[in-house]
Amino acid sequence: MNLEALLHDRLAPAFAAVAGTPVDPAVRSSPHADLQSGAALALAGRLHRPPREIAAEVAAAADLTPIAEVTVSGPGFLNLTVADDWIATALDSIAGDPRLGVPPVTDPKRIVIDYSSPNLAKEMHVGHLRSTIIGDSLARLLEWQGHDVHRVNHIGDWGTPFGMLLEHLAEAADGTGHSLAGLTAFYRAARVRFDTDEDFRIRARLRVVALQDGDGPTRELWRRLVAQSEKAFLGVYDRLGVTLGPEHFAGESTYQDELAGIAAELAEKGLLTESDGALCAFPAGFTGRDGAPLPLIVRKADGGFGYAATDLAALRHRVSDLGADELLYVVGSPQRIHFAMVFAVARAAGWLPETVSAEHIGFGSILGADGKMLKTRAGDTVRLSGLLDEADSRATDPALGIAAIKYADLSGDRRGDYVFDWDRMLASTGNTGPYLQFAYARICSIARRAEGVPGPIRITEPAERALALALMGFEPALTAAAGPREPHRIATYLYELASTFSRFYERCRVIDAEPETRSSRLALCALTARTLHTGMFLLGVEALDQI
Ligand code: ARG
C-alpha cells in the first residue's frame, strides 16, 4: 500500500486543473499532518498568485474521498488527514495479503548481482563481509519485489598469484592442509619464497603458463585449491545465513577461454593502444592526478590477462548469455574507477547496450576503534571466521550475535565507513539487531498469551492510529530501498515501526482489553510481527519467535 502515491494520484488532476499544466503534487510525510503537499508554494511564482489561494482552489477541486481530508495551512500547504475508517479497511486488506499489500513489480527485470566474490586460497576477510551482507540483502529485496535475480560469486581464482601458490603446493609435502586457515599460512609461505627466491620466482611464472595451457597435474593442484576454498566459503555463508550457494560460483577462471577474444575484438574496434608492451583501453573522460589518460589494462606486457579483461568477459557473458537487464556489482568503493572504466569500455565495444544498466554498488570500510581499517592487535587483517566465532561467544544466543553484525552493517548508509563496536552492535536499545529481535519476540509472546483471534481493525486511540500508519509505510520503505540500492532504508523503517509499536503497547491494553478491541489490537500486533519478520528476512537478519 502506498498512501503517498495514492494521494498523489488523487491530487494531480486538481493541481493540473488549477495550474493549466501537469504538476507534481509532491506529497510527503510531515510532522504537521499525516501527509503534506507543498506544491502550491512552488507554483505561486509561476502562476503569479498567492500560494494560499492556489492551495484553496486545489483543495476544493480535489476528490480525496474516502481516503483523506484536506485543509490549507500556513503559507499554502495542503495538510492531508487520512480517514480512520479508511486506514482500518486498508490494514484489514494488508493483513489478509500474504505479500502484506506489496504487489510484485509490473516490469520485472533480469538482474545479475555480483557479490561476496572473495579470493581463492585466501580466507575471507572483513572487506568481503560487507559485500556479502549488502549484496545478499539486495538480492533478497529485488527477488521479493518480483525481479528475476541471478546471483554471481565472482571468485578470484585465476591469474599470476596462483603460479606461486601452485608451485609451492607442488613442492611442499605439507601443502595439502585441510582448513583454509592453514591455507592462509600456506599463502604467506609461498609469498615469502616468491619475494626472496629468484629460482622459485621463475618456476612460479612457468606454473602460471602451465595452468593457463591446461597442464594436467597443474590443473589438478588448482582444482584442489578451488575445492578447498569453496568449501570454506560455503561454511561462512551458512553461518551468516546468506543465500549464496555452490550454484552461484562463477570465478574469474570461468572466462579464461574468452580473454584472447575480448582483446582481439577490442583491438579490431580500435579501442586498444599499446603502452609499455601492455594492451590498454583509454576510455574517454578518465584521467589520473597528473591529467594523463588512465589506462584499463586488458593484456599485460607478459601476455597475461588480468582483472579488467576478466570483468569485461564476465560482463559480456552476463548481458548476452544471461540476458541481464541490470548488472549490479557490490564491491568496495576503492574499485569505483575500475568499474566505471570497465562499463565505459564495454559500452564502446557494444557489449553493454543502452537498454542495459550497469551499477557499481560501492560501500565504505569497517574501521577499528582507532578510526583506521579494522586490524587485529598484531596488525593483521581480521579473519571473517574469527569474527563470527567472537559473535557466537559474545552474544547469549549465536543467532543474536550474527544478526547483530549483519544489522550493524546494513543499518547505516552503505557508502559510509563505520566503526566495528561489539558493545554498540549488541546493545538491546537503539537501532540495533538485538533491539529489533527483542521487539519481534515480545510481540510474538503477546500473541501467544492473548486469547481470541485477530479480528477486524478499528482505530480508536492515537497510538493505534500511529501504529496503523507506520504499518502502511512498508511498501514505500521497500521502494525507497530498492531504487538507490540502500538496505538501510528498510532498517530505519523497521526500527521506527518497532518503536511505534512500543509506544502503542505502553498506551493500549491488548491482552486484557474488551473482546472487540482486543481482536483489533491483536490484528495490529500480528501485522506488526509479520511486517518486522518480512523486513528482517529481506535484510537477511534472523527473526526468532522466542529469545
Ligand atoms: N575478488 C575481488 C576482490 O576481492 C572482488 C571481485 C568483485 N567482482 C568483480 N566482478 N570484479 O577484490
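Below is a short write-up of the structure. (Residues numbered from 1 in each chain as written. Predicted model: local features only at pLDDT ≥ 70, side-chain atom pairs only at ≥ 80, totals over all residues. Heavy atoms only, no water.)

Quick look at the overall build of the protein chain
Scanning the protein chain for helices and strands turns up 20 helices and 13 strands. Taking the principal axes of the C-alpha coordinates as reference, the protein chain spans close to 85 × 60 × 40 Å. Across the protein chain, the mean location of the 54 positive side-chain charges is 3 Å away from that of the 70 negative side-chain charges. (Helix = DSSP H or I, 4+ residues; strand = E, 2+ residues; numbered from the N terminus. Lys, Arg positive; Asp, Glu negative; His and termini not counted. Charge placed at Lys NZ, Arg CZ, Asp CG, Glu CD.)

So, helix 10 (residues 259-268)
Every buried residue belonging to helix 10 is among Leu259, Ile262, Ala263 and Leu266, and all of these are buried. For helix 10, the angular spread of the buried residues around the axis is 95 degrees, confining them to a single face. Turning to helix 10, the residues buried within the fold contact strand 9 (296-299), helix 11 (307-320) and helix 12 (336-349). (Buried < 20%, exposed > 50% of the residue type's maximum accessible area, 1.4 Å probe, protein only. Arc of directions from axis to C-beta. Contact = heavy atoms within 4.5 Å.)

Digging into the environment of Ile457
Residue position: Ile457 is located in the loop between helix 16 (433-449) and helix 17 (462-472). Exposure remark for Ile457: the relative accessible area of 4% places this residue in the buried category. Between the alpha carbons of Ile457 and His125 there is a distance of 49 Å; along the sequence they are 332 residues apart.

Brief notes about the environment of Ala33
Inspection of the secondary structure puts Ala33 in strand 2 (residues 33-37). On a C-alpha basis, the gap between Ala33 and Leu78 in space is 9.1 Å, while along the polypeptide they are 45 residues apart. Dropping the residues within four chain positions of it, Ala33 is found in contact with Asn79 and Leu80.

A few points about the pattern of salt bridges
What the rule picks out here adds up to 31 salt bridges. Across the pair Asp148 and Arg110 runs a salt bridge whose closest N-O atoms are separated by 2.8 Å. Within this pair, whereas Asp148 is found in strand 6 (residues 148-152), its partner Arg110 is found in strand 5 (residues 110-114), the two being separated by 38 residues in sequence. Residue class for Arg110 comes out partly exposed when judged on its relative accessible area of 32%. Taking the shortest distance from any N to any O, the salt bridge between Glu220 and Arg223 comes out at 3.6 Å. Within this pair, Glu220 and its partner Arg223 are both found in helix 9 (residues 216-240), separated by three residues, close to a single helical turn. Arg223 sits in the partly exposed class, given a relative accessible area of 45%. (Salt bridge = Lys/Arg side-chain N within 4 Å of Asp/Glu carboxyl O.)

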